[in-house]
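Single-letter residue listing:
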Amino acid sequence: MKIDSTRISRILNLYASQDLQVRGVKNKGGKADEVILSKEAKVFQEALKAAKSDPGVCVAKVEEIRARIQSGQYRIDSRSVASKMVDDLLKQDR
């Protein structure tokens, strides 16, 4: 395989001209890119930040439960959860 220096210089010139075109497009717009988060994403972000800063969160326990969920070994007793939810609501009404 023979490397032709004129081909290499043409390729480099093409890349250089594309780079200038891209820079020109960026400058013409005058507006920077922006990210807009949905309300749900903002709430999730705040909850995540609170959970990470809360010293009461046991990271090891969270990781253990995450692993059990992913392996399919984590089972939730829906009756027990519902019962506790009702009990909590009844305590709040008192």
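Residues numbered from 1 in each chain as written. Predicted model: local features only at pLDDT ≥ 70, side-chain atom pairs only at ≥ 80, totals over all residues. Heavy atoms only, no water.

**Student:** Any details on the overall build of the protein chain? Residues and values, ideally.
**Tutor:** Secondary structure summary: the protein chain contains four helices and zero strands in total. Along the protein chain, helices (α) and strands (β) appear in the sequence α-α-α-α when read from the amino end. Element-wise, carbon and sulfur atoms account for 57% of the exposed surface of the protein chain, whose accessible area totals about 9500 Å². (Helix = DSSP H or I, 4+ residues; strand = E, 2+ residues; numbered from the N terminus. Areas by Shrake-Rupley, 256 points an atom, 1.4 Å probe, with all protein chains shown as cover.)

**Student:** Kindly report on helix α2 (residues 39-53), identifying the contributing residues and their values.
**Tutor:** Between the first and last C-alpha of α2 there are 21 Å, a value that for 15 residues agrees with the 21 Å anticipated at 1.5 Å per step. Little of α2 sits inside the fold, with zero of its 15 residues counted as buried. (Expected span 1.5 Å × (residues − 1). Buried < 20%, exposed > 50% of the residue type's maximum accessible area, 1.4 Å probe, protein only.)

**Student:** Provide a residue-level description of helix α4 (residues 78-93), including the pertinent values.
**Tutor:** Look at α4: 23 Å from first C-alpha to last across 16 residues, which is about the 22 Å you get at 1.5 Å a residue. Little of α4 sits inside the fold, with zero of its 16 residues counted as buried.

**Student:** Describe the confidence of the model for the protein chain, and please don't skip the residues or the numbers.
**Tutor:** Close inspection of predicted coordinates is inappropriate in any region flagged by low pLDDT. When pLDDT is averaged along the protein chain, the result is 79, and 79% of the positions lie at 70 or above. At the low end of the mean pLDDT range in the protein chain sits helix α1 (residues 5-29), at 64; at the high end sits α4, at 91. (pLDDT = per-residue confidence, 0-100.)

**Student:** Explain a nonpolar patch on the surface residue by residue, including any values.
**Tutor:** Taken together, the side chains of Val57, Val59 and Val62 define a hydrophobic patch exposed on the protein surface, amounting to about 220 Å² of accessible area. Tracing the chain through its elements places Val62 in helix α3 (residues 59-71). (Patch = residues over 30% accessible without salt bridge, like charges linked within 9 Å, V, L, I, M, F, W, Y side chains within 5 Å. Salt bridge = Lys/Arg side-chain N within 4 Å of Asp/Glu carboxyl O.)

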